[in-house]
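The primary structure of each chain is shown beneath.
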Amino acid sequence: PQGDYIELHRKRHGYRLDHHERKRKRDAREVHKRSAMAQKALGIKGKMFAKKRYAEKALMKKTLAMHEESSTRRKVEDEAHEGAVPAYLLDREATTRAKVLSNTVKQKRKEKAGKWDVPLPRVRPVAEDEMFKVLRSGKRKTKQWKRMVTKVTFVGPSFTRKPPKYERFIRPSGLRFTKAHVTHPELKCTFNLEIIGVKKNPNGPTYTSLGVITKGTIIEVNVSELGLVTPAGKVVWGKYAQVTNNPENDGCINAVLLV
Amino acid sequence: MVQYNFKKITVVPAGKDFIDIILSRTQRQTPTVVHKGYAISRLRQFYMRKVKYTQQNFHEKLSTIIDEFPRLDDIHPFYGDLLHVLYNKDHYKLALGQINTARNLIGKISKDYVKLLKYGDSLYRCKTLKVAALGRMCTVIKRVSPSLAYLEQVRQHMARLPSIDPNTRTILICGYPNVGKSSFINKITRADVDVQPYAFTTKSLFVGHTDYKYLRYQVIDTPGILDRPFEDRNIIEMCSITALAHLRAAILFFLDISGSCGYSIAQQAALFHSIKSLFMNKPLIIICNKTDLQPFENLSEEDMKLVMEMKAEAMKTVIGQGGEAIDEEGVLLKMSALIEDGVIAVKNAACERLLNQRVELKMKSKKINDCLNRFHVAMPKPRDDKERPAFIPEAVLEARAKEAAEKEKRKLEKDLEDENGGAGVYSASLKKHYILANEEWKEDIMPEILDGHNVYDFVDPDILQRLEELEQEEGLRQEEEADDVDMDGEELTPEEKEALAEIRRKKSFLIQQHRIKKSTAESRPTVPRKFDKDKKFTTERMGRQLSALGLDPSLAIERARGRSLSRKGRKRERSLARGGSDGDDAMDMDVDQPSSKKLRMRSRSRSRSRSRPPGEVVPGQGFKDSAQKVKAIKLVRKSQKVRNKDARRGDADRTIPTLKPKHLFSGKRSLGKTSRR
């Protein structure tokens, strides 16, 4: 048979006499078969199927609710204008002033504490034994002054290792990253930008100097491809971003741009 | 020689299904159990294996896709062009390229993550790295899913393309739409192409095969071409143009001289002239179709002129091939596909032209010389001038001549049939050659059922003989019958009848009696009178013995009789006996006296006799005193509780706190049924 032989056969001979009946019954049976499978399927298959089915159910419920929306009656909500104040409170101003005052107090406190307005103000502290792995060296493997960094690091392009004999902190090359996935908080899109340097690691200045990147670290990224321009007319090519994931667990650095 | 059959390409799965397949395979084929306490190298190996396995599977599947789809530059230009026309070469190449990049990306991801896994120092870290790796691979595939869908569509369509061999003998049919191309191919081959009165019924190429001089020819039917500038042509027309351009075939240009296709001869001629460049180096034949509607001779002047022009063009191609000047008939042919007039002639002409051309080309090419060198027809050198013709004996010659004559003389049934209208019209008379005693019987209708019997059961060539035999047998039998006396069913005399009845009655009586007397469980009492079957021990006997001893037996006898069970119902009698004369004013009650046997059976034991108070328990029946018996009676009462027929709830009706506890009604079983829990 060549070409559209199926359609040709249908055109010439039509359908089987019981075709439509059988099709209808088969489709009706599908429902029962699906439910039987849902009840019988075990293990991972069962879970996946149940998840899919639940999604379908939720969607169906939503559409039904939407259809019923037009027929149900709802209470009419009078939108209260923001800042509207009832008549007996009209002459009061003291409260608003007080708020302003407490805000300034809060800001001062924040500045003292060193908490900045960043997306992740607080992060889980990373202990030293979690950060470093002790390497034994020496002829009898008794010396334990070497440390290997277990987290992701950034070393600059002009980095050269110290002679191995004197190297105290080892940053393995497998854990060195040069690029980060940076999200612009307003545009909501993500770019793959190069890291220029590590500005501050909240766990301590040692880590900052080593270039260790953990969750909450502020890094400086090359944003020249975004094409940002200062009001003065100069092209912005470096901006700060804060790391939002654990890079050693995910294999990549995700950050949020600090605008 | 590659067979251009695109049916062998494996199915391309959709993006989501692809991911599901690979991930479930990873889950099934790699070890699944791992614990926190294992050695770190073991943990790392476990997760690295999963990542690598997934990458390998993706690589495999994507490679099969890339390899199986044909590369448009590597196949015959006809197919390359056809696929370009149908699927757009650029889109096709892009899709395959995307699949290729996806494959490379997945490889890179796998490499990077395996490197990172080497630094994993805890189960959690390795696990998250593996999850990230697999997730990224799946994202790559998700991004590529539109290409996968496109390739699946292409594959499905490609599988249904006709398998045309571009290098073999081919005849190509072209012309305007609705000219009669599909009808022609239906007539000469077995291709069942759809023929309809509207234009563009044929929307793609169709292939049929036909034979000529023991060689197989491909006949290709194309969709109609309209006379338009090249850029404006749609995909369907482009298919025909591609076929015309790339296949080395004999071309049959169809012309509808009746104009019933909706286009005049002038338009068709215009089309011819616009595509005549495609007819270069190909044997061309102009076919005037639909001569049943419009005979060729009745064409108008202008039309005839146009046709002649086309013929001249076609002649040019003939001469251009450097062959012999073929007669004009080989270039312009008339036929009608509907009444099948001239169809075979057209086919033969086309096949002949094509064959000649191919043979010529082959002769001219270098390859043929190798073959020719190997042929050598050896002719014997003539020894002298004597003629030596072939010798056929006389007898054989005569026989041959006679055969030929006979064949011509004898009229076959087949010829008779043909004369009288053909197979469907004429039915041969099968009874013509019957050999019967009377010639008139030939056309008679034989009955099959007569008087409810099958005639054929009675038909026998030796039937008369058999009849005689039967009669003989019957005669013998009748003689035998006369000797026998039949006992059964003879008439009885009335006395005999009476006697019979009497006998029967007696017999039944005897049977009844036996049944009554028979000691079955129903008829005999449960306690046999085993102590006194013969009834020897009567009160009279007792009296006699006592008197023999010298004692007065009367009181004893009275007492015994009074205690007898069978006299229970005779109260009146007793009182009468005691009272003596006092009972004269007795109200003689007519009491039914039950038989002694019955009384005995109904009587109660002594302990339960009516003369005692109801609560009193008499020791007896194996108990040493009343207390023990009372205890025994209590036990009996306790052991079997009387049924509570009030239909109220009792202790036995337990309560069910929850009617459907979850742990009994939920859960799936991997093996077995859940008909009970």
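As the structure is a computational prediction, the values presented were derived from the model and not from experiment.

A. Highlighting the confidence of the model for chain B. Residues and elements named next belong to chain B. Residues at a pLDDT of 70 or more form 87% of chain B, whose mean pLDDT is 83. In the predicted structure, residues 573–591 sits below a pLDDT of 50 and forms three contacts with residues beyond four places in sequence or in another chain. In the predicted complex, the global pTM is 0.65; the interface-specific ipTM is 0.82.

B. Up close: helix α10 (residues 343–364) of chain B. Helix length check: α10 of chain B (22 residues) gives 32 Å between terminal C-alpha atoms against 32 Å at 1.5 Å per residue, within 8%. Within the sequence span of α10 of chain B, burial applies to V343, V346, K347, A349, A350, C351, R353, L354, L355, Q357 and R358 of chain B.

C. Quick look at the sheet that holds strand β1 (residues 132–137) of chain A. Residues and elements named next belong to chain A. With respect to topology, three strands assemble into an open sheet ordered β1-β2-β4, the strand pairing being mixed. This sheet does not close on itself; its edge strands, each paired only once, are β1 and β4 (169–170). Looking at chain direction, β1 and strand β2 (residues 143–149) are connected through five bridges and run antiparallel. Its bridge partner lying in β2, S137 is registered against K143.

D. Molecular detail of the sheet that holds strand β4 (residues 250–256) of chain B. All names here are of chain B. Pairing is mixed in the open sheet, where six strands are placed in the order β2-β3-β1-β4-β5-β6. On the outer flanks of this sheet lie β2 (206–212) and β6 (332–334), each paired with one strand and no other. Between one strand and the next, the sheet's axes are offset by a mean angle of 25°, whatever the strand orientation. Alignment of β2 against strand β3 (residues 215–221), held across seven bridges, turns out to be antiparallel. Bridge assignment links T210 to a residue of β3, and that residue is Y217. The strands touched by helix α8 (residues 265–275) within the sheet are β1 (170–175), β4 and β5 (284–289), with β4 carrying the most contacts at an inclination of about 160°.

E. Focus on the nonpolar core. Counting residues in hydrophobic clusters, the biggest one holds 139 residues, and the most contacted among them are I219 of chain A together with F69, M158, L252, F253 and F279 of chain B. At 16 residues, the largest contribution of residues to this core is made by helix α5 (residues 123–159) of chain B. Both domains that furnish three or more residues to this core are identified here as domain 1 (6–157) and domain 2 (163–366) of chain B. Discounting chain neighbours no more than four positions away, the residues touching F279 of chain B are C174, L244, I251, F253, F272, L284 and T317 of chain B.

F. Looking closely at the interface of chain B and chain A. Across the boundary between the two partners, chain B contributes 26 residues, which contact 27 residues of chain A. A combined buried area of about 2,100 Å² lies between chain B and chain A, and 49% of that area is made up of carbon and sulfur atoms. For the chain B face of the interface with chain A, the top three residues by lost area are Y119, R160 and K668 of chain B, together amounting to 29%. There are three salt bridges connecting chain B and chain A. Across the salt bridge formed by D192 of chain B and R12 of chain A, the nearest N and O atoms sit 2.9 Å from each other. On the surface where chain B and chain A come into contact, there are seven residue pairs in polar contact (both at pLDDT 80 or more). Breaking the side of chain B that touches chain A down by element, the ones donating at least two residues are α1 (15–29), α4 (89–117), α5 and β2 of chain B. Considered class by class, the residues forming the side of chain B that touches chain A number 13 nonpolar, four polar and nine charged.

G. The arrangement of a positive patch on the surface in detail. Residue and element names in this part refer to chain A. Where like charges cluster on the molecular surface, the positive patch consists of R10, R22, K23, K25, R26, R29 and K33. By residue number, the principal contributor to the positive patch is helix α2 (residues 19–40), which donates six residues. By relative accessible area, which is 55% here, R26 ends up exposed.

H. Just the packing of α1 of chain B against helix α2 (residues 40–68) of chain B, in detail. Residue and element names in this part refer to chain B. Two elements in contact, α1 and α2, have axes whose closest approach is 10 Å; the angle formed by their N-to-C orientations is 140°. Classified by the angle their axes make, α1 and α2 are oblique. The handedness of the crossing between α1 and α2 comes out as right-handed. Every residue of α2 that contacts α1 at F18, I21, I22, L23, R25, T26 and Q29 is listed here: K50, Y53, T54, N57, F58, K61 and L62. Looking at the contact of α1 with α2, its residues break down into seven nonpolar, four polar and three charged.

I. Quick look at the pattern of salt bridges. All names here are of chain B. Inspection of the entire model under this criterion finds 24 salt bridges over all chains. A salt bridge links E352 to K213, with the nearest nitrogen and oxygen atoms 3.2 Å apart. Here E352 is found in helix α10, whereas its partner K213 is found in the loop between β2 and β3, with 139 residues between them in sequence. Where R228 meets E237, a salt bridge forms, and the shortest distance between an N and an O atom there is 3.2 Å.

J. A look at the UniProt feature "coiled-coil region" (unreviewed entry) in chain B. Mapped onto this numbering, the UniProt entry annotates "coiled-coil region" (unreviewed entry) at residues 395–422 of chain B. A distance of 39 Å separates the end C-alpha atoms of residues 395–422 of chain B, which is 79% helix and 0% strand.

K. Fine view of a negative patch on the surface. Among the surface-exposed residues, E468, E469, E471, E473 and E474 of chain B lie close enough to one another that they form a single negatively charged patch. Structurally, the position occupied by E468 of chain B is in helix α15 (residues 463–483).

L. How the structure looks around the pairing of β3 of chain B. Residue and element names in this part refer to chain B. Of all seven residues that make up β3, five are buried, and the element is covered over most of its length. Judged from the four bridges that link them, β1 and β3 form a sheet pairing that is parallel. Its bridge partner lying in β3, I173 is registered against D221. Hairpin connection from β2 to β3: two residues lie between these consecutive antiparallel strands, with K213 at a positive phi of about 55°.

The rules behind each value
- Residues numbered from 1 in each chain as written.
- Chains lettered and ligands numbered in written order.
- Predicted model: local features only at pLDDT ≥ 70, side-chain atom pairs only at ≥ 80, totals over all residues.
- Heavy atoms only, no water.
- pLDDT = per-residue confidence, 0-100.
- Contact = heavy atoms within 4.5 Å.
- Helix = DSSP H or I, 4+ residues; strand = E, 2+ residues; numbered from the N terminus.
- Expected span 1.5 Å × (residues − 1).
- Buried < 20%, exposed > 50% of the residue type's maximum accessible area, 1.4 Å probe, protein only.
- Pairing = 2+ DSSP bridges.
- Axes fitted to C-alpha atoms, helices over the stretch in contact; angles between N-to-C directions.
- Core = buried A, V, L, I, M, F, W, Y, C linked by side-chain atoms within 4.5 Å.
- Domains from an automatic or database assignment.
- Buried area = accessible area lost by both parts, 1.4 Å probe.
- Salt bridge = Lys/Arg side-chain N within 4 Å of Asp/Glu carboxyl O.
- Polar contact = N/O pair within 3.5 Å; in protein donor to acceptor, adjacent residues only side chain to side chain.
- Nonpolar A, V, L, I, M, F, W, Y, C, P; charged D, E, K, R; others polar.
- Patch = residues over 30% accessible without salt bridge, like charges linked within 9 Å, V, L, I, M, F, W, Y side chains within 5 Å.
- Areas by Shrake-Rupley, 256 points an atom, 1.4 Å probe, with all protein chains shown as cover.
- Lys, Arg positive; Asp, Glu negative; His and termini not counted.
- Charge placed at Lys NZ, Arg CZ, Asp CG, Glu CD.
- Parallel < 35°, antiparallel > 145°, perpendicular 65-115°, else oblique.
- Left-handed = near helix turned anticlockwise from the far one by under 90°.
- UniProt positions renumbered as here; feature names shortened; annotations may be inferred.

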